[in-house]
Amino acid sequence: MVVNAAFWRGKRVLVTGHTGFKGGWLSLWLQRLGAAVSGYSLPAPTQPSLFAAAQVEKGMVSVLGDIRDLPALINVFETHRPEVIIHLAAQALVQASYQDPVETFGTNVMGTVNVLEATRQTPGVHAVVIVTSDKCYENREWIWGYREYEAMGGRDPYSASKGAAELVSGAYRSSFFSSSGTAGVATARAGNVIGGGDWGVDRLIPDMVRAYSSGRPALIRNSRAIRPWQYVLEPLAGYLMLAERLSTQPAEFAESWNFGPPEPDTVDVAEVADRVTSLWGQDARWEQDRTTHSHEAHTLRLDSSKSRARLKWRPRLSLDTALERTVAWYRAALRGEDMRTLSEGQIEHYQAGGGA
Ligand SMILES: NC(=O)c1ccc[n+]([C@@H]2O[C@H](COP(=O)([O-])OP(=O)(O)OC[C@H]3O[C@@H](n4cnc5c(N)ncnc54)[C@H](O)[C@@H]3O)[C@@H](O)[C@H]2O)c1
């Protein structure tokens, strides 16, 4: 058992960014666990979206709004009285952050301030998990995985905004949430997440699915970039397990946590592209995109020893299985299958310990 179902039954949980890729999966999972789920977010960032395809809204209260709007957010807190908050709302794309740095910093930094401020102003919150990114670290382009205590940084606006969100969380924690009776505030840093239902622009697998489903070759940039790939439910399990521990032992767990894949699954973009292409079959093929793009880090690895040792969290799906499930999801969506049932089936299978 990765997640303690008894803990979540009836728990009031607020997910920000519930209309997005990870937030959609998390909201579905929490619904299956019997939590009273509310969500606060802008509308789904893509069309199609997991939110629409899997009818995520069906089992929760969905409030549409901007995370930069503090009074609206406080109103949601006062109305829904969350006990646990998982903050995912963000401008989540590196390339888009070059196009609109102001929106990226506003959403990712002030959005985090607002979630923590609303927590401070609303009694009854036990646990807050602020989701940042593996990109929050000052990238040294070295071969080792980053550990939680290493320096924050970020050369592009997205990465810097996530490093800044970490600093904001640390300042709020030590200033307002360190005495007994206050919420436990932790941050979570995951890797490059893959799974069905992501239609983000400039993301490897969504770009490939868009190309292959319309009979075009996929154009791939930075094919030698090395990333920690992981199945979407793996870091989500980490966030849930962390929130459970934060609720009961905030002093011990209110810190930062990495949730990365097993070491062999940190591979380059070309390797993932090759495996997706062969799973897709037919005439699928990819080509190197030779147009120039803004800078992205070359090598990124995460060290998750701390989460394994202290949360007893561990990744369970190999990259091959993760890719099989991901491609199966998109294929089913293209065939017009019931994607809520299929997504719930993938969650059940994972929750029951199905890995490999
Ligand atoms: N997908 C990954 O590989 C990955 C890796 C590491 C970290 N993360 C982080 O995980 C979180 C979720 O990522 P995702 O992949 O689901 O992204 P996504 O783009 O699919 O979803 C982002 C969500 O945030 C919402 N949002 C954006 N701007 C908002 C605003 N101003 N106010 C309110 N809501 C707003 C969107 O509507 C959407 O619901 C983000 O914080 C992201 O930085 C993602």
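Residues numbered from 1 in each chain as written. Predicted model: local features only at pLDDT ≥ 70, side-chain atom pairs only at ≥ 80, totals over all residues. Heavy atoms only, no water.

**Student:** What is the right way to look at helix 7 (residues 157-176) in this model?
**Tutor:** In this model helix 7 runs 27 Å from its N-terminal to its C-terminal C-alpha over 20 residues, within 8% of the 28 Å that 1.5 Å per residue would give. Taken residue by residue, helix 7 has Pro 157, Tyr 158, Ser 159, Ser 161, Lys 162, Gly 163, Ala 165, Glu 166, Val 168, Ser 169, Tyr 172 and Arg 173 as its buried positions. Residues of helix 7 that are buried make contact with helix 5 (94-99), helix 6 (101-121), strand 5 (127-131), strand 6 (184-190) and strand 10 (256-259). Capping the start of helix 7, Asp 156 holds a side-chain oxygen 3.1 Å from the backbone nitrogen of Tyr 158, two or three residues further along. (Helix = DSSP H or I, 4+ residues; strand = E, 2+ residues; numbered from the N terminus. Expected span 1.5 Å × (residues − 1). Buried < 20%, exposed > 50% of the residue type's maximum accessible area, 1.4 Å probe, protein only. Contact = heavy atoms within 4.5 Å. Polar contact = N/O pair within 3.5 Å; in protein donor to acceptor, adjacent residues only side chain to side chain.)

**Student:** Help me understand the packing of helix 2 (residues 21-32) against helix 9 (residues 233-248) in this model?
**Tutor:** Working note: a packed helix pair is described by the angle between its axes plus the distance between those axes. As a packed pair, helix 2 and helix 9 sit with axes 10 Å apart at the nearest point and diverge in direction by 60 degrees. Here helix 2 lies oblique to helix 9, going by the angle between them. Where helix 2 crosses over helix 9, the two elements pack in a sense that is right-handed. Of the residues in helix 9, those in contact with Lys 22, Trp 25, Leu 26, Trp 29 and Leu 30 of helix 2 are Leu 233, Leu 236, Ala 237, Tyr 239 and Leu 240. (Axes fitted to C-alpha atoms, helices over the stretch in contact; angles between N-to-C directions. Parallel < 35°, antiparallel > 145°, perpendicular 65-115°, else oblique. Left-handed = near helix turned anticlockwise from the far one by under 90°.)

**Student:** Would you mind going over the site of the ligand with me for this structure?
**Tutor:** Thr 19, Lys 22, Ile 67, Tyr 158 and Lys 162 are the nearest of the 28 residues found near the ligand. Leu 88 is positioned such that a nitrogen or oxygen atom in its backbone is 3.0 Å from an oxygen atom of the ligand. Here the residues of the shell around the ligand sort into 13 nonpolar, ten polar and five charged. (Near = heavy atom within 4 Å. Nonpolar A, V, L, I, M, F, W, Y, C, P; charged D, E, K, R; others polar.)

**Student:** Hey, could you run me through the sheet that holds strand 6 in this one?
**Tutor:** The strand order 3-2-1-4-5-6-10 describes an open sheet built from seven strands, whose pairing is parallel. Two strands lie at the open edges of the sheet, namely strand 3 (61-64) and strand 10, each paired on one side alone. Strand-to-strand twist in this sheet, taken as the mean axis angle between neighbours without regard to direction, amounts to 20 degrees. Both strand 1 (residues 12-16) and strand 2 (residues 36-41) contribute to a ladder of five bridges, which runs parallel. The partner of Arg 12 across the bridge, within strand 2, is Ala 36. Where helix 7 meets the sheet, its contacts fall on strand 5, strand 6 and strand 10, and the angle it forms with strand 6 comes to roughly 160 degrees. The strands touched by helix 9 within the sheet are strand 4 (84-87), strand 5, strand 6 and strand 10, with strand 5 carrying the most contacts at an inclination of about 150 degrees. (Pairing = 2+ DSSP bridges.)

**Student:** Can you help me understand the packing of aromatic side chains in this one?
**Tutor:** For any pair of aromatic rings, the description rests on two quantities: the centre-to-centre distance and the angle between the ring planes. Evaluation of the coordinates by the stated rule reveals 14 aromatic pairs. Between Trp 142 and Trp 144, the aromatic rings sit 5.5 Å apart at their centres with planes inclined by 75 degrees, giving edge-to-face as the arrangement. Residue Trp 144 is classed as exposed on the basis of its relative accessible area, which comes to 53%. Relative to Tyr 330, the ring of Trp 329 lies with its centre 5.6 Å away and its plane at 75 degrees, an arrangement referred to as edge-to-face. Note on Trp 329: relative accessible area 0%, which makes it buried. The class for Tyr 330 is buried, based on a relative accessible area of 2%. Chaining the aromatic ring pairs together yields one cluster made of Tyr 137, Trp 142, Trp 144 and Tyr 146. Over the ring of Phe 176 we find Arg 120, and its NZ or CZ is 4.3 Å from the ring centre. (Phe/Tyr/Trp six-rings, centres within 6.5 Å; stacked < 30°, edge-to-face > 60°. Lys NZ or Arg CZ within 6 Å of the ring centre and 35° of its normal.)

**Student:** Please explain the nonpolar core as it appears in this structure.
**Tutor:** One recurring pattern in soluble globular proteins is that nonpolar side chains are buried together. Trp 8, Trp 29, Leu 30 and Tyr 239 are the most contacted members of the largest nonpolar core, which totals 78 residues. Per element, the largest residue contribution to this core is nine residues, and it comes from helix 9. If we skip the residues at most four places from it in the chain, Trp 29 touches Val 2, Val 3, Leu 233, Leu 236, Ala 237, Leu 240, Ile 347, Tyr 350 and Gln 351. Counting 22 residues, the second largest nonpolar core, distinct from the first, contains Leu 14, Tyr 40, Val 115 and Tyr 172. (Core = buried A, V, L, I, M, F, W, Y, C linked by side-chain atoms within 4.5 Å.)

**Student:** Explain unusual backbone geometry to me, please; I cannot follow it from the model alone.
**Tutor:** Residues other than glycine predominantly adopt negative phi, and peptide bonds predominantly adopt the trans conformation. The peptide bond linking Gln 47 to Pro 48 adopts the cis configuration, its omega dihedral lying at 0 degrees. Within the element layout of this structure, Pro 48 appears in the loop between strand 2 and helix 3 (50-53). Within the chain, Asn 222 stands out as a residue other than glycine whose phi angle is a positive 50 degrees. Relative to the helices and strands, Asn 222 is located in the loop between strand 8 (218-220) and strand 9 (226-231). For Asn 222, a relative accessible area of 33% corresponds to the partly exposed category. One non-glycine residue, Lys 312, adopts positive backbone phi at about 60 degrees.

Worth remembering: the numbers are spatial, not functional.
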